[in-house]
Amino acid sequence: MTNKLDTTTNISKLYEEISSILNTARKNAYKAVNFAMVSFYWSIGQVIVEDEQNGNERAAYGKAVLEGLSKKLTVEFGQGYDVRELRKIRQFYLEFKNRDSLRPKLTLSY
């Protein structure tokens with residue numbers, strides 16, 4: 001016959017083991033999402049700089065294109081793509097043009 005103490009001890013051991021698995025999985029998921037976000041921000045910055053600015057630090061067209069782009073992105077993808085944010089994303093790319101340097105050095109903070 002199993003006594004109450006053995007059952008409580010067993011539940012505690014199971015809880016600790018499962019809790020550890022879940023916490024590890026959560027940390028790994030955060031890291032994967034974090035890197036995906038850094039990567040897609042880098043790619044957006046690259047498109048703006050390389051495709052729209054022909055690789056120049058500044059676009060010849062001023063802010064009009066970023067304003068139009070911001071409106072369209074916000075309609076389809078929600079907040080987070082205002083002109084100010086697009087400028088930050090563009091600057092992020094300009095600061096870290098070497099994509100290979102992203103993984104070991106950069107993460108987003110929440």
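Everything numeric here is computed off the predicted structure, so don't read it as measured data.

## A short note on the overall build of the chain
Looking only at helices and strands, the chain has four helices and zero strands in total. In the chain, the order of α-helices and β-strands from amino to carboxyl end is α-α-α-α. Taking as baseline every contact in the chain between residues at least 6 positions apart, the subset at least 24 positions apart corresponds to 63%.

## A few points about the packing of helix 1 (residues 4–52) against helix 3 (residues 83–95)
Running from N to C, helix 1 and helix 3 cross one another at 90 degrees; their axes reach a closest spacing of 7 Å. Classed by the angle they form, the pair helix 1 and helix 3 counts as roughly perpendicular. Residue-level inspection shows Val38, Tyr41, Trp42, Ile44, Gly45, Gln46, Ile48, Val49 and Glu50 of helix 1 in contact with helix 3, the latter providing Leu86, Ile89, Arg90, Phe92, Tyr93 and Leu94. When its residues are assigned to classes, the contact of helix 1 with helix 3 shows 11 nonpolar, two polar and two charged.

Rules of the game
One numbering rule holds for all chains: residues counted from 1, following each sequence as written. Thresholds applied to this predicted model are a pLDDT of at least 70 for local features of residues and 80 or more for the giving and counting of side-chain atom pairs; totals over whole chains, interfaces and linings are not thresholded and use all residues. No hydrogens and no water enter the side-chain calculation; it runs on all heavy atoms of the structure. Numbering of helices and strands starts at the N terminus; helices are DSSP runs of H or I of at least 4 residues and strands are runs of E of at least 2. What makes two residues a contact is simply this: any of their non-hydrogen atoms within 4.5 Å. To get an axis, fit a line to the C-alpha atoms, keeping to the stretch in contact for a helix; angles then go from 0 to 180 degrees between the N-to-C directions. Relative orientations are named as follows: roughly parallel for angles under 35 degrees, roughly antiparallel for angles over 145 degrees, roughly perpendicular for angles from 65 to 115 degrees, and oblique for any other angle. Three residue categories are used. Nonpolar comprises Ala, Val, Leu, Ile, Met, Phe, Trp, Tyr, Cys and Pro, charged comprises Asp, Glu, Lys and Arg, and polar comprises the others, including Gly.

The values are spatial; any link to function lies outside them.
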